[in-house]
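Observations on chain architecture
The primary structure of each chain is shown beneath.
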Amino acid sequence: MNLLENLNPEQQRAVMTTEGPLLILAGAGSGKTRVLVHRVANLMANGVEPYHIMAITFTNKAAGEMRERINNLIGTGAEQIWVATFHSSCVRILRRYGDRIGYGTNFSIYDTDDTKTVMKEVLKKLNIDTKKFKERYFLNAISSAKNEMITAEEYALSCGSDLAKSRIAGVYREYQARMRANNAMDFDDLLVECVNLLKQDPEVLNFYQTKFQYIMVDEYQDTNTVQFELVRLLAGGRQNLCVVGDDDQSIYKFRGANIYNILNFEKHFPDATVIKLEQNYRSTKAILDAANGVIHNNEGRKEKALWTQNEQGERVKFKQFDSAYEEAQFIAMDINSKVRKGTYDYKDCAVLYRTNAQSRLLEEKFIVENIPYKIVGGVNFYSRKEVKDILAYLKTVDNAQDDLAVRRIINVPKRGIGQTSIDRVSDYAAALNMPFFDALMQLQMDPALKKLEKKVEPFVLFIQLMRSQLPDLGVAGLIREIIDQTGYEAELEAEGTDEAAARIENIEEFYSKAVSYEEEHEDATLGGFLEEVALIADIDSLDDSEDYVVLMTLHAAKGLEFPNVYMAGMEDGLFPSYMSITADDSVAEIEEERRLCYVGITRAMKQLTMTSAKARMVRGETQYGAVSRFVKEIPSDLLDGEVYEQKQRFFPDFLDDAPTQKINPIFTQKKPMAAAKNFGTKIEKKALDYGEGDRVKHPKFGEGEVISVIDGGRDYEVTVEFDNVGRKKMFASFAKMTKI
DNA sequence: GGTTTGAAACTTTTT
DNA sequence: GTTTCAAACC
């Protein structure tokens with residue numbers, strides 16, 4: 001096999017340059033993954049052992065894709081190549097050597113929700129009013145500090161007489177202490193602590209420097225300072241570091257990405273080779289030129305001349321609508337007509353938008369029009385309440401020091417242990433400086449807590465039992481045991497609502513994820529599963545073998561491509577966002593938004609449609625936005641559609657409602673529908689055709705005898721002793737029972 | 001100790 | 001318009 005076949009001269013050079021620092025400036029759609037994969041193959045052809053090669057990406061999806069393509073090209077030996085995200089690489093290193101910097105190797109990983117809970121506790125302890133200062137404010141400040149590798153101590157020293165900074169320093173310190181006590185790390189800690197480990201322990205550093213002789217980093221423009229430091233350390237020995245990126249696609253500044261990592265690569269590594277990949281294989285000329293026209297308005301970028309041999313193609317379509325409702329309607333209809341004509345499959349189409357909130361309206365229309373779709377992002381599957389509850393059980397079994405997890409589930413399902421009791425035990429544990437769970441095991445030591453013991457004991461015994469049975473049960477078995485023994489699912493079943501049914505579905509999906517995890521990993525462990533779950537993003541679950549339209553934010557779309565793309569909500573104030581327009585450094589912020597627009601445009605292969613709405617509901621208020629400045633930046637000969645200069649219209653308060661209703665009749669329809677539903681519930685109350693002592697039939701639980709009927713005001717609460725599933729309490733209007 | 005109700009915040013983007 | 005959180009009530 002000739003490795004260089006089907007590669008252009010620059011791509012070939014990138015593949016052949018194996019030694020020393022290498023910067024590949026890869027424009028959108030220029031085949032960078034291809035280059036990386038071939039480069040790996042070339043290294044191995046040159047006799048480099050696969051376990052000496054490392055490839056780092058940002059998302060699991062990107063890692064998975066690269067893994068697959070490497071496997072296809074190379075076959076045997078490829079599985080020994082370390083292909084992983086930044087975060088999972090760090091976890092792997094820390095699980096092995098984390099004890100050297102004072103963490104248990106079974107540390108928990110806290111997601112954004114978890115850190116918020118911790119922060120809440122911290123602020124409560126420090127008597128900081130969360131009305132004045134929000135958790136997010138501190139979490140953002142701490143995250144920024146961590147991204148710059150500033151420790152709590154260093155932060156405190158740098159404050160001087162700055163009161164606001166000192167306050168943050170105090171919070172930072174306490175937050176970190178709690179995380180340590182819980183044996184937990186947040187996303188930033190994973191990177192920071194990994195760098196700390198490598199810096200403090202020459203033995204470990206040497207081990208990994210020897211192991212990773214050839215390192216490749218994808219999406220380098222989005223690395224932050226810690227990630228740079230990590231890469232610098234790992235590549236420190238041989239300096240065989242190859243980074244791939246595009247400064248025009250840097251869109252994560254808000255997350256600490258430092259664009260100077262890529263702009264100054266040649267300064268950091270003076271003998272670096274620089275290769276530019278400028279031929280685009282993805283898009284039509286029209287789309288590419290539109291993208292170039294937009295990005296051209298940014299200053300301070302590495303000038304590139306992205307070109308393509310592809311056909312000219314159709315112009316970029318632009319359509320403006322009166323309301324977001326009509327915009328969504330158009331997109332749905334347009335997709336349907338294209339699918340009907342056979343131009344595209346559903347999976348060829350993607351709708352991109354600036355904010356997650358925009359997905360709702362689109363979703364409603366897609367349901368009406370019967371279009372299969374998948375929304376990426378928004379509420380993460382793993383942050384759903386029911387999934388987090390089960391996860392907390394797993395974490396408790398895995399890491400007894402994880403107080404957050406234990407406290408979450410000690411009263412789920414209800415065990416009669418309320419907030420007051422939890423607080424008391426927390427104080428007791430804090431006083432003795434021990435984990436919450438340990439305190440639960442010795443309540444009899446404190447006379448004030450002794451009476452709690454009876455309620456707590458079954459829970460403690462259950463966790464201990466699960467812990468001892470874990471080797472036999474496996475991860476999936478453990479989950480099943482937890483669902484059954486705690487009666488979590490049974491409780492939801494008894495509720496009988498649609499919402500409860502959806503929750504059960506989520507739990508079952510979670511269970512099947514555990515099953516497939518165990519199928520995929522021979523050495524499956526509970527810790528391994530928790531780790532995978534903690535680091536997974538929604539985008540990772542995209543499956544191109546199924547036929548559905550994908551809806552997602554512009555951020556989530558990076559790295560993907562679709563034949564037919566829609567960019568919705570092209571309005572000033574939405575995109576570019578109101579925040580960026582009014583920011584202090586508005587020029588820089590709008591440049592970042594423009595890069596985001598560039599990313600969006602370059603996702604399209606054949607056809608791109610931009611849409612905007614004159615009026616849009618945001619937070620229950622109608623907003624009137626002008627057409628996005630980015631649309632106007634597209635050269636007019638490439639644009640199919642008029643861009644009207646719309647006057648900003650302002651209505652006095654008392655008129656505010658009127659135009660909304662005219663423009664968008666759905667709101668007047670919706671309300672009566674909701675009212676009718678409530679009305680129906682009330683009527684059902686009177687229609688109870690069974691009473692105490694009667695035999696009844698339930699669709700799920702089978703037959704049983706009515707024990708009692710209590711009038712709960714709005715509804716009857718019925719208790720039934722079922723023949724097969726025992727005694728259940730439920731509401732008459734939901735449990736569709738009939739007398740027999 | 002648990003449940004219900006009403007207010008308040010939320011919406012920029014995420015590993 | 002929706003979700004989350006605390007106070008008031010049971």
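Position labels on residues start from 1 in each chain and follow its written sequence. Here every chain gets a letter starting at A, and every ligand a number starting at 1, in the order they are written. Restriction of local features to residues with pLDDT of at least 70 applies here, the model being predicted, together with a cutoff of 80 or more for giving and counting side-chain atom pairs; totals for whole chains, interfaces and linings are based on all residues. The basis for every side-chain value is the complete set of non-hydrogen atoms in the structure, without hydrogens or water.

Our focus in this paragraph is the protein's contact with DNA strand B. Any residue with a heavy atom positioned within 4 Å of a molecule or strand is treated as near that molecule or strand. For DNA strand B, the set of nearby residues contains 26 residues, the closest of which are Lys134, Arg354, Thr420, Ser421 and Met579. In protein, a polar contact requires one atom able to donate a hydrogen and another able to accept it; more generally it is a pair of N or O atoms within 3.5 Å, and residues adjacent in sequence count only if both atoms are side-chain atoms. Within the side chain of histidine 87, an N or O atom sits 3.2 Å from a base oxygen of DNA strand B. Note on residue classes: Ala, Val, Leu, Ile, Met, Phe, Trp, Tyr, Cys and Pro are nonpolar, Asp, Glu, Lys and Arg are charged, and everything else, Gly too, is polar. Residue composition of the surface near DNA strand B, grouped by class: nine nonpolar, 10 polar and seven charged.

Turning our attention to the packing of helix H4 (residues 86-97) against helix H9 (residues 187-200). Two elements in contact, H4 and H9, have axes separated by 9 Å at closest approach and are oriented at 55°. Judged on the interaxial angle alone, H9 and H4 are oblique. The handedness of the crossing between H4 and H9 is left-handed. Taking contact as the criterion, the partners of Phe86, His87, Cys90, Val91, Ile93, Leu94 and Tyr97 in H4 are, on H9, Phe187, Leu190, Leu191, Glu193, Cys194 and Leu197. In terms of residue class, the contact of H4 with H9 is built from 11 nonpolar, one polar and one charged. Note on geometry: axes are lines fitted to C-alpha atoms, helical ones only across the stretch in contact, with angles between N-to-C directions running from 0 to 180 degrees. For the purposes of this entry, the term helix denotes a DSSP run of H or I that reaches at least four residues, the term strand denotes a run of E that reaches at least two, and both are numbered from the N terminus. Any angle that is under 35 degrees is reported as roughly parallel, and any over 145 degrees as roughly antiparallel; angles of 65 to 115 degrees are reported as roughly perpendicular and all others as oblique. The crossing is said to be left-handed when, going from far helix to near helix, the turn is anticlockwise and less than a right angle, and right-handed when the turn is clockwise. The contact criterion used throughout is that any non-hydrogen atoms of two residues lie within 4.5 Å.

This next bit is on the environment of tyrosine 252. The topology assignment puts tyrosine 252 in the loop between strand E7 (241-245) and helix H12 (260-263). Excluding its chain neighbours within four sequence positions, the residues that come into contact with tyrosine 252 are Asp222, Ala257, His555, Lys558 and Glu592.

Bringing the confidence of the model for chain A into the picture now. The predictor attaches a confidence to each residue, and that confidence, scored 0 to 100, is pLDDT. Averaged over all residues, the pLDDT of chain A equals 83, while 89% of them reach at least 70. Helix H29 (residues 666-686) is the least confidently modelled element of chain A, averaging 27 in pLDDT, while strand E15 (residues 562-567) averages 96, the highest of any element. Within the model, pLDDT remains below 50 along residues 646-686, and this stretch shows 30 contacts once partners closer than five positions in the same chain are excluded.

What follows covers the side chain of serine 89. You can see serine 89 is positioned in helix H4. Apart from the residues lying within four places of it in its own chain, the contact partners of serine 89 are Met54, Trp82 and Ala84.

Moving on, we get to the environment of leucine 526. Structurally, leucine 526 is set in helix H24 (residues 526-534). Accessible area is worked out with a 1.4 Å probe on protein chains only. A residue is then buried under 20% of its type maximum, exposed over 50%, and partly exposed in between. Take leucine 526: its relative accessible area is 5%, and that puts it in the buried class. Spatially, the C-alpha atom of leucine 526 lies 42 Å from that of alanine 164, the residues being 362 residues apart in sequence. When residues no more than four places from it in sequence are discounted, the contact partners of leucine 526 are Leu394, Val397, Asp398, Leu470, Val475 and Leu478.

Attention now moves to the state of the cysteines. Note that a disulfide, as used here, is simply two cysteine sulfur atoms within 2.5 Å. One pass over the structure, following the stated rule, counts zero disulfides. Free cysteine: cysteine 194, not disulfide-bonded; nearest cysteine sulfur from cysteine 90 at 3.8 Å. Cysteine 194 sits in the buried class, given a relative accessible area of 0%. The closest cysteine sulfur to the non-disulfide-bonded cysteine 349 is located on cysteine 597, 20 Å from its own sulfur.

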